[in-house]
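The residues making up each chain are set out below.
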Amino acid sequence: MKMIVGLGNIGTRYDGTRHNTGFMVVDQLARDYHLGAFTHLKQEAVAVTGVINGTKVMLVKPTTFMNDSGRAVGPLMDYYKLELPDLVIVNDDLDMPVGQIRLKTHGASGGHNGLKSIINALGTKQFNRVKLGIDHPKHGTVVGHVLGKFTDEERPKFDDAVEQAEHALEDWLRGENFAQLMNDYN
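All chains use their own residue numbering, which begins from 1 and follows the written sequence. The model is predicted, so local features are restricted to residues of pLDDT at least 70 and side-chain atom pairs to those at 80 or more, both for listing and for counting; the totals for chains, interfaces and linings are taken over all residues. The side-chain quantities take in all heavy atoms of the structure and omit both hydrogens and water.

Visitor: What exactly am I supposed to notice about the packing of helix α2 (residues 70-79) against helix α3 (residues 113-122) here?
Guide: A packed helix pair is summarised by two numbers, namely the angle formed by the two axes and the spacing between the axes. α3 packs onto α2 with a crossing angle of 35° between their chain directions and a minimal axis gap of 8 Å. Relative to α3, α2 is oriented so that their crossing is right-handed. Along its contact with α2, which presents Gly70, Arg71, Val73, Gly74 and Met77, the element α3 presents Ser117, Ile118, Ala121 and Leu122. Of the residues assigned to the contact of α2 with α3, the class counts are 5 nonpolar, 3 polar and 1 charged. Each axis is a line fitted through C-alpha atoms, taken for helices only over the stretch in contact, and angles between the N-to-C directions span 0 to 180 degrees. Counting from the N terminus, the helices are the DSSP runs of H or I reaching at least four residues and the strands are the DSSP runs of E reaching at least two. Crossing chirality is assigned from the near helix's rotation relative to the far helix, an anticlockwise turn below a right angle marking it left-handed and a clockwise turn marking it right-handed. The contact rule is simple, with two residues in contact once any of their heavy atoms fall within 4.5 Å. We call Asp, Glu, Lys and Arg charged. Ala, Val, Leu, Ile, Met, Phe, Trp, Tyr, Cys and Pro are nonpolar, and the rest, Gly among them, are polar.

Visitor: What exactly am I supposed to notice about the packing of aromatic side chains here?
Guide: For any pair of aromatic rings, the description consists of the separation of the ring centres together with the inter-plane angle of the planes. When the centres of two rings from Phe, Tyr and Trp lie within 6.5 Å, Trp using its six-membered ring, the rings pair. Their planes under 30 degrees apart give stacked, over 60 give edge-to-face, and anything left gives tilted. Enumeration according to the criterion identifies 4 aromatic pairs in this entry. Ring geometry for tyrosine 79 versus tyrosine 80: centroids 4.9 Å apart, planes at 80°, classification edge-to-face. For tyrosine 79, a relative accessible area of 48% puts it in the partly exposed group. Tyrosine 80 gets classed as partly exposed once you look at its relative accessible area, which sits at 30%. Judged by centre distance (4.1 Å) and plane angle (20°), the rings of phenylalanine 150 and phenylalanine 158 are stacked. A relative accessible area of 9% places phenylalanine 150 in the buried class. The criterion is that NZ of a Lys, or CZ of an Arg, lies within 6 Å of the ring centre and within 35 degrees of the ring normal, and then a charge sits over that ring. The side chain of arginine 18 reaches across the aromatic face of phenylalanine 150, ending 5.4 Å from its centre. Of note, lysine 61 hangs over the ring of phenylalanine 23, and the distance from its end group to the ring centre comes to 5.4 Å. Only protein chains enter the area calculation, which uses a 1.4 Å probe; residues under 20% of their type maximum are buried, those over 50% are exposed, and those in between are partly exposed.

Visitor: I would appreciate a short explanation of the packing of helix α5 (residues 154-173) against helix α6 (residues 178-185) in the present structure.
Guide: Between α5 and α6, whose axes approach to 10 Å, the crossing angle comes to 150°. The angle between the axes of α5 and α6 places the two elements in the roughly antiparallel class. Crossing handedness for the pair α5 and α6: right-handed. Within the contact between the two elements, α5 uses Gln164, His167, Ala168, Asp171 and Trp172 and α6 uses Phe178, Leu181 and Tyr185. Of the residues contributing to the contact of α5 with α6, the split by class is 5 nonpolar, 2 polar and 1 charged. For classification, angles of less than 35 degrees are called roughly parallel, those exceeding 145 degrees roughly antiparallel, those between 65 and 115 degrees roughly perpendicular, and all remaining angles oblique.

Visitor: Would you explain the nonpolar core in this entry?
Guide: Within soluble globular proteins, side chains that are nonpolar tend to cluster in buried spots. Buried Ala, Val, Leu, Ile, Met, Phe, Trp, Tyr and Cys residues form a nonpolar core when they are joined through side-chain atoms within 4.5 Å. One finds Ile4, Leu59, Val90, Leu103, Val130, Leu132 and Leu169 to be the most contacted residues of the largest nonpolar core, which totals 32 residues. Every element with two or more residues in this core is listed here: α1 (21-32), β3 (45-52), β4 (55-62), β5 (87-93), β6 (101-104), β7 (128-133), α5 and α6. With 8 residues, the top contributor of residues to this core is α5. Ranked by size, the runner-up nonpolar core spans 19 residues in total, among them Met3, Val60, Leu82 and Leu115.

Visitor: What is the right way to look at the sheet that holds strand β2 (residues 39-41) in this model?
Guide: Hydrogen bonds between backbone groups are what pair the strands of a sheet, and the pairing can be parallel or antiparallel. At least two bridges found by DSSP between two strands are what make those strands a pair. Taken in spatial order, the 7 strands line up as β2-β3-β4-β1-β5-β7-β6 in an open sheet, and their pairing is mixed. Single-partner strands in this sheet number two, and they are β2 and β6. Across the sheet, the mean angle from the axis of one strand to that of its neighbour is 25°, orientation sign disregarded. Pairing between β5 and β7: 6 bridges, direction parallel. Within the sheet, the bridge partner assigned to isoleucine 89 lies in β7 and is arginine 129. Lying over the sheet, α1 contacts β1 (2-6), β3, β4, β5 and β7, oriented at roughly 145° with respect to β4. Relative to β1, α2 is tilted by about 175°, and along the sheet it contacts β1, β2, β3, β4 and β5.

Visitor: How should I be thinking about a nonpolar patch on the surface in this particular structure?
Guide: A cluster of nonpolar side chains, contributed by Met1, Tyr79 and Tyr80, occupies part of the molecular surface with about 280 Å² of accessible area. Examined against the element boundaries, tyrosine 79 turns out to sit in helix α2. A patch consists of residues exposed above 30% relative accessible area that lack any salt bridge, with like charges linked at up to 9 Å and nonpolar side chains (Val, Leu, Ile, Met, Phe, Trp, Tyr) linked at up to 5 Å. For the accessible areas, the method is Shrake-Rupley and the probe is 1.4 Å, while residue cover comes only from the protein chains on display. One speaks of a salt bridge when a side-chain nitrogen belonging to Lys or Arg is within 4 Å of a carboxyl oxygen belonging to Asp or Glu.

Have a look at this one:
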């Protein structure tokens, strides 16, 4: 089984915000493949399982809030006895413009507290990521920016990035090597 974890903050207050980029990608996958509703797990997450491109997959949204995402990811990896190559984290990235995606096989948190929490929980930086750009704020605070919604101008670019991220994840679930996918999508 493969596991795709979208990062975000739980609750309707955060729906559609830039920081919920990961949630939006896994929600889109679940809709497009008719996987049904996310259900609560005892590992502080909601999830849905199904088959995409011949591979059993669990789509996960931690319910711990962004900064504690590792509290869900670590126990899920242990419970399902998953190896690091079976995991992809989907998250927002302030250092890329809206509409850009980047795949990575490892790296530091880059100041992203959700990734920092996962790195601490897993004890390694060696896990796959799909990052979607949300850009730096042009004015105001970073917190206000990440917890704000995309503008009307940004939304079509973001929707294109979600589609690209979904295609990359579909290719990965089809069995393509993640490092090769970096060449194809970055």
